[in-house]
Amino acid sequence: MMRTLFVAAAMLALLGGSARADDGYDLWLRYPRVSDPALLAEYRAAATQLVVGGDGPTLRAARDELTTALTGLLGSAPAVRTSVTTDGAIVIGTPRSSALIRSLPIAAELRGLGREGYLIRSVRIAGRRAIVVAANEEIGVLYGTFALLRRFQTQGSLRDLALHDAPKIALRVLDHWDNLDGSVERGYAGRSIWRWDSLPAGISPRYRDYARANASIGINGAVLTNVNANARVLTPEYLDKVAVVANVLRPYGIRVYLTARFSAPIELGGLKTADPLDPAVRQWWKSKVDEIYARVPDFGGFVVKANSEGQPGPQDYKRTHADGANMFADALTSHGGVVMWRAFVYSNEVPTDRVKQAYDEFKPLDGSFRENVLVQVKSGPLDFQPREPFHPLFGAMPKTPLMMEFQITKEYLGQDTHLVYMGSYWEEVLRADTYAAGKGSTVAKVIDGTVHHYARTGIAGVSNIGSDRNWTGSQFNEANWYAFGRLAWNPEGSARAIADEWIRMTFTNSPAEVASIRLMLLQSREAVVNYMTPLGLAHIMATGHHYGPAPWARLARADQSPTYYHRADTLGVGFDRTATGSNAVAQYAVPVRDRYANLATVPDSVLLWFHHVPWTYKTPSGRTVWDELVFRYNAGIDTVRAMRKTWATVKPAVDAERFAEVAGFLDIQEREARWWRDAALTYFQQFSRMPIPATYEQPAHPLAYYQRITCPANRNKPRCDVVP
Ligand code: GCW
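Residues numbered from 1 in each chain as written. Predicted model: local features only at pLDDT ≥ 70, side-chain atom pairs only at ≥ 80, totals over all residues. Heavy atoms only, no water.

**Student:** How should I be thinking about the overall build of the protein chain in this particular structure?
**Tutor:** What the protein chain contains, in helices and strands, is 23 helices and 18 strands. For 724 residues, the compact-globule estimate of 2.2 N^0.38 gives 27 Å, and the protein chain sits close to it at 26 Å. For the protein chain, the spread of C-alpha atoms along the principal axes amounts to about 80 × 65 × 60 Å. Scored against the burial criterion, the 724 residues of the protein chain give a buried share of 60%. Surface exposure of the protein chain reaches about 26800 Å², of which carbon and sulfur atoms provide 53%. (Helix = DSSP H or I, 4+ residues; strand = E, 2+ residues; numbered from the N terminus. Rg over C-alpha atoms; globule rule 2.2 N^0.38 Å. Buried < 20%, exposed > 50% of the residue type's maximum accessible area, 1.4 Å probe, protein only. Areas by Shrake-Rupley, 256 points an atom, 1.4 Å probe, with all protein chains shown as cover.)

**Student:** Looking at this structure, how should I read the site of the ligand?
**Tutor:** Glu185, Lys305, Arg342, Asp383 and Glu411 are the nearest of the 15 residues found near the ligand. Separating an oxygen atom of the ligand from a side-chain N or O atom of lysine 305 is a distance of 2.6 Å. In the environment of the ligand, an oxygen atom lies 2.6 Å from a nitrogen or oxygen atom belonging to the side chain of glutamate 411. Counted by class, the shell around the ligand contains four nonpolar, three polar and eight charged residues. (Near = heavy atom within 4 Å. Polar contact = N/O pair within 3.5 Å; in protein donor to acceptor, adjacent residues only side chain to side chain. Nonpolar A, V, L, I, M, F, W, Y, C, P; charged D, E, K, R; others polar.)

**Student:** How should the nonpolar core be read in this particular structure?
**Tutor:** As a rule of thumb, nonpolar side chains are buried together in soluble globular proteins. By size, the foremost hydrophobic cluster in this structure holds 235 residues, and its most contacted members are Trp285, Phe302, Phe328, Trp481 and Trp647. In terms of residue count, the dominant contributor to this core is helix H22 (residues 656-688) (14 residues). Core analysis: the second largest hydrophobic core is formed by 15 residues, Ala89, Val91, Leu104 and Ala134 among them. (Core = buried A, V, L, I, M, F, W, Y, C linked by side-chain atoms within 4.5 Å.)

**Student:** Sorry if this is basic, but what is going on with the pairing of strand S7 (residues 171-175) here?
**Tutor:** Within S7, five of the five residues are buried, which leaves the element mostly enclosed by the surrounding structure. Both faces of S7 are covered, namely the face carrying Leu171, Val173 and Asp175 and the face carrying Arg172 and Leu174. Examined bridge by bridge, S7 and strand S14 (residues 458-462) share five bridges and lie parallel to one another. Residue pairing in the sheet places leucine 174 in a bridge with glycine 461 of S14. (Pairing = 2+ DSSP bridges.)

**Student:** Before we go on, may I ask you to explain the domain arrangement of the protein chain in this structure?
**Tutor:** It is common to give the size of an interface as the accessible area lost on bringing the parts into contact. We note that the domain assignment places domain 1 (2-165), domain 2 (171-506) and domain 3 (529-575 + 612-722) within the protein chain. One C-alpha centre belongs to domain 1, the other to domain 2; they are set 32 Å apart. With 23 residues of domain 1 at the interface, the matching set in domain 2 holds 29 residues. Summing both sides of the interface, domain 1 and domain 2 together bury roughly 2500 Å²; the carbon and sulfur share of this comes to 57%. Sorting the residues of domain 1 by area buried against domain 2 places Tyr25, Trp28 and Arg150 first, and these three jointly supply 33% of that buried surface. In this assembly, domain 1 and domain 2 are joined by three salt bridges. Notably, a salt bridge pairs arginine 469 with aspartate 23, separated by 2.8 Å at the nearest N-O pair. For the interface between domain 1 and domain 2, the tally reads 13 residue pairs in polar contact (both at pLDDT 80 or more). (Domains from an automatic or database assignment. Contact = heavy atoms within 4.5 Å. Buried area = accessible area lost by both parts, 1.4 Å probe. Salt bridge = Lys/Arg side-chain N within 4 Å of Asp/Glu carboxyl O.)

**Student:** For this particular structure, what's the right way to read the pattern of salt bridges?
**Tutor:** If charged atoms from side chains of opposite charge come close, those side chains can pair. Enumeration according to the criterion identifies 50 salt bridges in this entry. In this structure, glutamate 428 and arginine 387 form a salt bridge, with 2.8 Å as the shortest nitrogen-oxygen distance. Here glutamate 428 is found in helix H13 (residues 422-431), whereas its partner arginine 387 is found in the loop between strand S12 (373-378) and strand S13 (402-407), with 41 residues between them in sequence. Using a relative accessible area of 7% as the deciding quantity, one classes arginine 387 as buried.

**Student:** What should I look at first to understand the packing of aromatic side chains in this one?
**Tutor:** Remark: the centre distance and the inter-plane angle together describe each pair of aromatic rings, the angle taken between the planes. Throughout the structure, instances matching the rule amount to 42 aromatic pairs. Where tryptophan 28 meets tyrosine 482, the ring centres are 5.1 Å apart and the plane angle is 65°; that geometry is what we call edge-to-face. With a gap of 454 residues between them, tryptophan 28 in the loop between helix H1 (2-15) and helix H2 (37-46) and tyrosine 482 in helix H15 (residues 477-489) connect regions that are remote in the sequence. We classify tryptophan 28 as buried; its relative accessible area is 0%. Aromatic side chains tyrosine 43 and phenylalanine 152 sit 4.8 Å apart centroid to centroid with 70° between the ring planes, which places their arrangement in the edge-to-face category. Taken as a pair, tyrosine 43 in helix H2 and phenylalanine 152 in helix H6 (residues 138-153) lie far apart in primary sequence, 109 residues in all. Chaining the aromatic ring pairs together yields one cluster made of Tyr25, Trp28, Trp194, Tyr207, Tyr210, Trp471, Trp481 and Tyr482. Residue placement shows arginine 525 over the ring face of tyrosine 425; its charged tip is 4.3 Å from the ring centre. (Phe/Tyr/Trp six-rings, centres within 6.5 Å; stacked < 30°, edge-to-face > 60°. Lys NZ or Arg CZ within 6 Å of the ring centre and 35° of its normal.)

**Student:** Looking at this structure, I do not really get the sheet that holds strand S9 (residues 255-259). What am I missing?
**Tutor:** In a beta sheet, neighbouring strands pair by backbone hydrogen bonds and run either parallel or antiparallel. Taking strand neighbours around the barrel as the criterion, the eight strands line up as S7-S8-S9-S10-S11-S12-S13-S14 in a closed arrangement whose pairing is parallel. For this sheet the average axis-to-axis angle between neighbouring strands, irrespective of direction, equals 25°. The strands touched by helix H11 (residues 321-332) are strand S10 (301-304), strand S11 (338-342) and S12; relative to S11, the strand with the most contacts, the crossing angle is about 160°. (Axes fitted to C-alpha atoms, helices over the stretch in contact; angles between N-to-C directions.)

**Student:** How should the sheet that holds strand S4 (residues 118-125) be read in this particular structure?
**Tutor:** Pairing in this open sheet of six strands is mixed, and the strands run S2-S1-S3-S5-S4-S6 from one edge to the other. With partners counted over all chains shown, the strands left at the sheet margins are strand S2 (79-81) and strand S6 (162-165), one partner each. Averaged over all pairs of adjacent strands, the angle between their axes in this sheet comes to 25°, without regard to strand direction. Across the sheet, helix H3 (residues 57-74) lies against strand S1 (49-53) and strand S3 (89-93), angled at about 155° from S3, the strand it touches most.

**Student:** So what exactly am I meant to see when it comes to H13 here?
**Tutor:** An α-helical segment advances 3.6 residues per turn. Residues three or four places apart therefore align on the same side. Burial of H13 is extensive: eight of the 10 residues sit out of reach of the surface. Restricting attention to buried positions, one finds in H13 the residues Met422, Gly423, Ser424, Tyr425, Trp426, Glu427, Val429 and Leu430. Residues of H13 that are buried sit in contact with S13, helix H14 (443-447), H15, helix H16 (495-506) and helix H17 (511-532).

Structure (structure tokens):
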């Protein structure tokens, strides 16, 4: 038996790359042999030697990556040398680590690149052709190394290289909503990658691969724990584990952060209060922070969710969010740590429209936060819906660094199965104009500090990473991890260009297939908006797991009820957020406010977000709002069908395992898009009392059928079922 297996494996190996089972573990860090002979010859000639100036851990990581990558791409590793002895050397290092780098005329250019920037140049060294990757610090060299490898991987030219780049945002972090028991809140890719039970002795090899992947896209921080925090991570036992993870991530330029449970002084310290102005509480946090830095000298700081969804916070003691944040800031400041204080706060005890509450709470606090506090704001004012207008806090707090929080894990967008490229979503938010300091004050320019000259800048993505072999629950969810990193580095980057890179690095460089897969990616976000929440509808997902449709749900808490958000009745549909309603629109600067408030100018993408309109209201297409809903739901499904067809055409270029996984998920996506349409339209039809025009597919079942469908809280195949 063993023998047959061995023979089969050897035969598979002989068949070469295409026959190899590919589970997606390698992400975009795959280095298959360059197949075009001319290109291969050119690349080989450019990479005969590797000259690494210095021996720090980060330079070693760069050297190892180059060695692995070039071995794969070119068929053999370049010789590692201490000086350039032939044409075709790749020289990496910093002026401090390498006399060779010091001798090159690049000092002026390096000066502008900061700690993490890099330059890549074609040069002559002692008459020999070389490519130099240089930076002020080793981490810049590592980032430059990955940028150079990206050239190889995307089959770009290596001739006359003269590029430099530096990140526009300083703190680029992944927020893991990972619990200490190994579960992941809103995680759809298995269990947590942090194996708390086996740490600190057991170090999973995945930690290093995680670090490589992050470094390759410039992510420089990891918040290891859920914002719904457990104080236990702050105990010495757990801090020892945290320190080990930090040690693995450090060479890759990644700092570790933790979430701080506000009530930890009571739960761990035995104090009677967690009042942020109480001297004993302040002292407790100070000692705790010192204890952390003794183990993790480059600890990044804390992320805090306070007074939101049941989490404790300063308001429990009649203090403000600034009082709370500043207490942590004071404890962290001497160590160089920061506080990322979340603005995602709302309460059903506050009678105001939920989407207004964060602004109401935080705007008056502008100017009262310590210098090392960033206020972390979700991309939209509600909660990571398939589409929301940008959060009105962006642009509204000139004296407080606001950082972006995107959700990479697709809680409300089909989770693991639906193919949705978030790059398009984030690009839309980042390019939105806040008008905070006149035209051109885009969200990107707010968070990169340009608009208000923020001293600190940051961006967080709620991670979609788990223990699954493909890391993110599906092959295409990997693209969202990638896109987040690239947009965090440059928030003015293009979702399309990023998609292109990712496809070339992950699937194929063949132009026709690149174009096909890119089309799928770029269509996918609008498709999900159409088949879930067209025209500015929001939060009509099933309660709890947020997977399927349940626009009918009416909960004890209005602010989490679908019916509260769509407000459908026989007169019309939509949430009036103009002056005649909640007036949330007033939180935006003029002219954004006027554009949204006025029915004549509001984009139909957010029509029902801002307005309650009669079912017969004529949208810009000329269709009534009812007919437009029918049209959009069907358009969403049509796009998914088109995506399926497109995917079928790329079969020859994709390995069988990944091809089949994606095809299977697209099949689910189409079925579930129909489920969404039929559930939503049969529900809304009770109010509109208008027909679904005969040219469209009619719902397969009556409303009651869809209302009986339930999904297990812990979804697993078979997924959601009709309860008989
Ligand atoms: O969207 C909601 C999620 C919660 C999450 C919360 C938050 C971590 O449903 O699971 O809690 O947002 O962002 O704090």
